[in-house]
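So the chains spell out like this:
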Amino acid sequence: MFNFFKKTLGRVKKSTGGFFRSLIPVSIDENSIKNVENIFYSADFGIEITAEIIGEMRTELKKNKEMRREDVVSVASKILEKNLNGAEASLEIPENSTQVICLVGANGSGKTTTAAKLAYFYEKLGKKTLLGSCDTFRAAADEQLRTWGKNLSIDVVASKHGADPAAVAFDAYKAAVARGKNVVILDTAGRLHVKSSLMGELQKILRILKKANNDITPNVWLVADATIGTNTIESTETFHSEIGLTGIVLAKLDGTSAGGALVGVYKKLHIPIYFIGTGETPESLEKFSATKYIDGLFASHT
Ligand SMILES: Nc1nc2c(ncn2[C@@H]2O[C@H](COP(=O)(O)OP(=O)(O)OP(=O)(O)O)[C@@H](O)[C@H]2O)c(=O)[nH]1
Ligand SMILES: [Mg+2]
C-alpha cells in the first residue's frame, strides 16, 4: 500500500465506501490521470486492473477533455463488474447430506472467527452444523472455537494440543454424519503458504476426509484478510496449487481496506468468492455480491 493511501486512511477513520469515492478528484484531465492511477493501485487493485481502468479513462478523455468523478466511478465499476463476472458462489446443501467446509489461510486471517460465523449463518438457514477444531498447533485455538460453540449452541469436536489435525478432521466428519449434521466446518491452523510441510498437513486432512467417505468433495475455502493487499494474489496462488482451493472468503472488509486484491485474485485464478466478513460478531458475514461490493466501494458519504 502506498504511503499516501495509508496516511490518508489514517486521518479519516470511515468505512471504505464513501471514503474511497472521495479520494477520486471531482474533475480529471490528462494531467491528473496519474492521480487516479495511484488511488486504484494503492487500494490493491493491482497493476492489471488499474491499467484497465486507466486505459479506458484515456479513451474517454480522448473524446472529451474532462472527466467528472461520476464518470470515473462509472468506468471503474464496469471494469470491476466485468472482472468479477461469475465470482459469486453459493454452497449447495442437498437433503440428508453432510457437506464439509475446510477453512485454510495465513496466520490471523480470520479463520476461526469465520468458522463460527459460517456455522451461525447455516444454522439460521435451518441447517445443522458442527465445528471441528483442526488447529491443534496453537494451544488456545480449540478453546477459542469451543467458546464460539458454547455461545452459539453449536457442537464442537476438538482434540488435545499437538494431536494430528487430520485425525480431528476424521472424527469431526464422522461425528457430524452420526449426528445428522448438514455442514461440518473445519478450522485449521494458520500457515505461511511458503512452508511446504504445513501444506502437506492440509493435504493429509483432505486425504483422510476421502478415507472417511470417498464420495465427499470437501469445500476448501481460503480465508483471506482484506487488509493484506496485493501479495494475497501470490499466497492464494500457492494455496491453490498445493491443495486446490474451491472458494474464498474475504474477511475484514469492514475496515478501511477496499479489498481491491480480491478482484485481481479472481481475475487470475477464477476461484469463486462465497462470503465477505464485515466484523467480529457472528452476524457479520455476508454472501458475496459483486454489485454490492462495487456499490459499497463507490458509495457516497452520508
Ligand atoms: N474487523 C474484523 N475483524 C475480524 C474479522 N474476522 C476476524 N477478525 C478478527 O481478526 C482477529 C483474528 O481472527 P481469528 O479468527 O482468530 O484468525 P485466525 O485466522 O483463526 O488466526 P490463527 O488461527 O492464529 O491463524 C481476531 O481479533 C478477530 O476478531 C472481520 O471480518 N472483521
Ligand atoms: Mg484460528
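This structure is a prediction, so every number in the text was calculated from the model and none was measured. (Residues numbered from 1 in each chain as written. Chains lettered and ligands numbered in written order. Predicted model: local features only at pLDDT ≥ 70, side-chain atom pairs only at ≥ 80, totals over all residues. Heavy atoms only, no water.)

Visitor: Looking at this structure, how should I read the packing of helix α4 (residues 46–63) against helix α11 (residues 261–269)?
Guide: Put simply, α4 and α11 touch, their axes get as near as 8 Å, and they point 100 degrees apart. Taken together, the axes of α4 and α11 are roughly perpendicular relative to one another. Each of Glu48, Ile49 and Glu52 in α4 lies in contact with α11, whose residues at this interface are Val263, Gly264 and Lys267. Looking at the contact of α4 with α11 residue by residue, the class counts come to two nonpolar, one polar and three charged. (Axes fitted to C-alpha atoms, helices over the stretch in contact; angles between N-to-C directions. Helix = DSSP H or I, 4+ residues; strand = E, 2+ residues; numbered from the N terminus. Parallel < 35°, antiparallel > 145°, perpendicular 65-115°, else oblique. Contact = heavy atoms within 4.5 Å. Nonpolar A, V, L, I, M, F, W, Y, C, P; charged D, E, K, R; others polar.)

Visitor: Is there a simple way to think about the pattern of salt bridges in this case?
Guide: When charged atoms on two side chains of opposite charge get close, those side chains can pair. All told, the structure shown has 15 salt bridges when counted by the stated rule. Measuring nitrogen to oxygen at the nearest pair gives 2.4 Å for the salt bridge that ties Arg21 to Glu70. On the criterion of sequence distance, the pair formed by Arg21 in helix α2 (residues 16–23) and Glu70 in helix α5 (residues 69–83) is long-range, its members being 49 residues apart. Given a relative accessible area of 46%, Glu70 falls into the partly exposed group. Measuring nitrogen to oxygen at the nearest pair gives 3.4 Å for the salt bridge that ties Glu30 to Arg58. Taken together, the residues Glu30 in the loop between β1 (27–28) and α3 (33–42) and Arg58 in helix α4 connect sequence positions 28 residues apart. (Salt bridge = Lys/Arg side-chain N within 4 Å of Asp/Glu carboxyl O. Buried < 20%, exposed > 50% of the residue type's maximum accessible area, 1.4 Å probe, protein only.)

Visitor: Would you mind showing me how to read the packing of aromatic side chains here?
Guide: Centre-to-centre distance and the angle between the planes together describe a pair of aromatic rings. Applying the stated rule across the entire model yields 11 aromatic pairs. Each ring, one from Phe40 and one from Phe45, has its centre 5.7 Å from the other, and the planes form 55 degrees; the classification is tilted. For the residue pair Phe40 and Phe45, the accessibility class agrees, reading buried in each case. Among the aromatic residues, ring-to-ring pairing joins Phe121, Tyr122, Trp221, Tyr274 and Phe275 into one connected group. (Phe/Tyr/Trp six-rings, centres within 6.5 Å; stacked < 30°, edge-to-face > 60°.)

Visitor: Would you take a moment to explain the domain arrangement of the chain for this structure?
Guide: Bring the parts together and some accessible area is lost; that lost area is often taken as the interface size. What the domain assignment reports for the chain is domain 1 (3–83) and domain 2 (99–288). Domain 1 and domain 2 are separated by 33 Å when their C-alpha centres are compared. Taken together, the contact pairs 15 residues of domain 1 with 13 residues of domain 2. One can count one salt bridge joining domain 1 with domain 2. Where Lys267 meets Glu52, a salt bridge forms, and the shortest distance between an N and an O atom there is 2.9 Å. The interface formed by domain 1 and domain 2 holds four residue pairs in polar contact (both at pLDDT 80 or more) in total. Elements represented by at least two residues in the side of domain 1 that touches domain 2 include exactly α2, α4 and α5. For the side of domain 1 that touches domain 2, the leading source of residues is α4, giving four residues. Residues belonging to the side of domain 1 that touches domain 2 are distributed by class as follows: seven nonpolar, four polar and four charged. (Domains from an automatic or database assignment. Polar contact = N/O pair within 3.5 Å; in protein donor to acceptor, adjacent residues only side chain to side chain.)

Visitor: Which parts of the structure should I look at to understand the nonpolar core?
Guide: Across soluble globular proteins, nonpolar side chains show a tendency to be buried alongside one another. Ranked by size, the top nonpolar core spans 74 residues in total, and within it Phe20, Phe40, Phe45, Met57, Leu84 and Phe298 carry the most contacts. Counting only domains with at least three residues in this core, you end up with domain 1 (3–83) and domain 2 (99–288). One finds Ala89, Ala115, Leu145 and Ile185 within the second-largest nonpolar core, a separate group that totals 25 residues. (Core = buried A, V, L, I, M, F, W, Y, C linked by side-chain atoms within 4.5 Å.)

Visitor: Sorry if this is basic, but what is going on with the site of ligand 1 here?
Guide: The local shell around ligand 1 holds 20 residues, among which Lys111, Thr112, Thr113, Asp254 and Glu280 are the closest. Contact between ligand 1 and Lys111: an oxygen atom at 2.6 Å from a side-chain N or O atom of the residue. Between an oxygen atom of ligand 1 and a side-chain N or O atom of Glu280, the distance comes to 2.5 Å. For ligand 1, whose free accessible area comes to 650 Å², the fraction covered by protein is 78%. For the shell around ligand 1, the leading source of residues is helix α6 (residues 111–124), giving four residues. (Near = heavy atom within 4 Å. Areas by Shrake-Rupley, 256 points an atom, 1.4 Å probe, with all protein chains shown as cover.)

Visitor: Please clarify how the packing of helix α8 (residues 165–178) against helix α9 (residues 196–212) should be interpreted in this entry.
Guide: Relative orientation and spacing of two packed helices are given, respectively, by the angle between their axes and the distance between those axes. In contact at an axis separation of 8 Å, α8 and α9 are set at 35 degrees when each is read in the N-to-C sense. Considering how the two elements wind past one another, α8 and α9 form a crossing that is right-handed. Taking contact as the criterion, the partners of Pro165, Ala166, Ala169, Phe170, Tyr173 and Lys174 in α8 are, on α9, Glu201, Lys204, Ile205, Ile208, Leu209, Lys211 and Ala212. (Left-handed = near helix turned anticlockwise from the far one by under 90°.)

Visitor: What's the story with α11 in this structure? I'm lost.
Guide: Of all the nine residues making up α11, seven are buried; the element is thus mostly covered by neighbouring parts of the structure. Among the residues making up α11, those that are buried are Ala261, Leu262, Val263, Gly264, Val265, Tyr266 and Leu269. Elements that come into contact with the buried residues of α11 comprise α4, α5, α10 (231–243), β8 (247–251), β9 (273–277) and α12 (290–297). In the stretch just after α11, His270 is the one whose phi turns positive, near 55 degrees.

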